[in-house]
Amino acid sequence: MGNNDISGKRINISHVRKEFQIEKESLLVLKDINLEIEPGDIVSIIGGSGCGKSTLLRLIAGLDSPNEGEIALDNTKVTKPSLDVGVLFQESRLLPWESTWKNIAFGLPEKFDKEKKNELVAHYIKLVGLEGFERALPGQLSGGMQKRVAIARTLINNPHVLLLDEPFGALDAFTRMNLQEEVVRIWKEQRMTTVLVTHDIDEAIFMGNKVIIMSAKPGIIKDVIKVELPEPRSRVSVEFEELRMKVYKEFFGDDRPMEDYAI
Ligand SMILES: Nc1ncnc2c1ncn2[C@@H]1O[C@H](COP(=O)(O)OP(=O)(O)O)[C@@H](O)[C@H]1O
Ligand SMILES: [Mg+2]
């Protein structure tokens, strides 16, 4: 059961403005955001804490709406959440009393018959490498494995758009690198349009075809850097190092030596 026929949707973000009202004060979080993400592309958005990354993802997901401007998926305006847009958050948000199997099946529409459900769950368990752990509860799994459950639960609805909000932030460095590779592998297979929000520059470069740099107060897009690296990507190549320098410099906006930077 391959999903090679899936192509992602185009994401169009035009003149998006988002402010929040806090008491009587108004906080301008996103100011005139314009971005076009090609169908089937994978892009990273980096920016410091509070610059509006999660807000932007929530708007794309239809979990909130902009004050001005519009977001469209394949020319259809986003007005509410849809199963076509999968979101993965930093916390895995699993049901602690349910098994891997049940947690993954959780998001499937009621109308599917049992056989179809079972077939789908088995497929996604295999895709994320959790065979043998079908009956385990979340508390019996490592953080990385819990994240795999969350990934499978998100992918089982065949989203054409996948939004990742600092999904690996709480994991140790090795698990994190491992899951970055897994998600890229799955993206290469399924080509859903993928937007990764992160504050990890290496993660942004390793996973994205473009690195979109945001700056804060109000959140604007400062620059877009194309990632052109030989595949499979190596984290220790000269090309990777050059890109890392370029992103750091763009991010901080000056020419200090790299060891002076601290985020
Ligand atoms: N629902 C909300 N109500 C009020 N302020 C919010 C809300 N959501 C986010 N904010 C504020 O908007 C800013 C951007 O938040 P967020 O998008 O979470 O940033 P990031 O994900 O880049 O760290 C922050 O100052 C945050 O406090
Ligand atoms: Mg955030």
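Residues numbered from 1 in each chain as written. Chains lettered and ligands numbered in written order. Predicted model: local features only at pLDDT ≥ 70, side-chain atom pairs only at ≥ 80, totals over all residues. Heavy atoms only, no water.

Chemist: Go over the sheet that holds strand β1 (residues 11-22) with me, naming the residues and quoting the values.
Modeler: Judged by pairing direction, the sheet is antiparallel, and its 4 strands sit side by side in the order β2-β1-β4-β5 without closing on themselves. In this open sheet, the two strands that pair with only one neighbour each are β2 (25-37) and β5 (76-77). Bridge analysis of β1 against strand β4 (residues 68-73) gives 5 bridges, and the strand direction is antiparallel. Along β4, the bridge assignment pairs Ile13 with Ile71. Strands in contact with helix α1 (residues 53-60) are β1, β2 and β4; relative to β1, the strand with the most contacts, it is inclined by about 120°. (Pairing = 2+ DSSP bridges. Helix = DSSP H or I, 4+ residues; strand = E, 2+ residues; numbered from the N terminus. Contact = heavy atoms within 4.5 Å. Axes fitted to C-alpha atoms, helices over the stretch in contact; angles between N-to-C directions.)

Chemist: Now, about the site of ligand 1: what can you tell me, with residues and values included?
Modeler: As a structural note, the neighbourhood of ligand 1 is formed by Phe20, Ile22, Leu27, Val29, Gly48, Ser49, Gly50, Cys51, Gly52, Lys53, Ser54 and Thr55. Contacts to ligand 1 include Gly50, whose backbone N or O atom sits 2.7 Å from an oxygen atom. Contact distances for ligand 1 include 3.2 Å between an oxygen atom and a backbone N or O atom of Cys51. Its free accessible area being 560 Å², ligand 1 has 60% of it covered by the protein chains. Mapped by element, the contributors of at least two residues to the shell around ligand 1 are β1, β2 and α1. Broken down by element, the shell around ligand 1 gets its largest block of residues, 3 residues, from α1. When the residues that make up the shell around ligand 1 are grouped by side-chain class, the tally is 5 nonpolar, 6 polar and 1 charged. (Near = heavy atom within 4 Å. Polar contact = N/O pair within 3.5 Å; in protein donor to acceptor, adjacent residues only side chain to side chain. Areas by Shrake-Rupley, 256 points an atom, 1.4 Å probe, with all protein chains shown as cover. Nonpolar A, V, L, I, M, F, W, Y, C, P; charged D, E, K, R; others polar.)

Chemist: I'd like a rundown of the pairing of strand β9 (residues 210-215), residues and numbers included.
Modeler: Where strand β3 (residues 42-46) and β9 come together, 4 bridges link them in parallel fashion. Following the sheet pairing, Ile46 is matched in β9 by Ile213. What sits between β9 and strand β10 (residues 220-226) in their antiparallel hairpin is a turn of 4 residues, with Lys217 showing a positive phi close to 55°.

That's the geometry; what it means functionally is another story.
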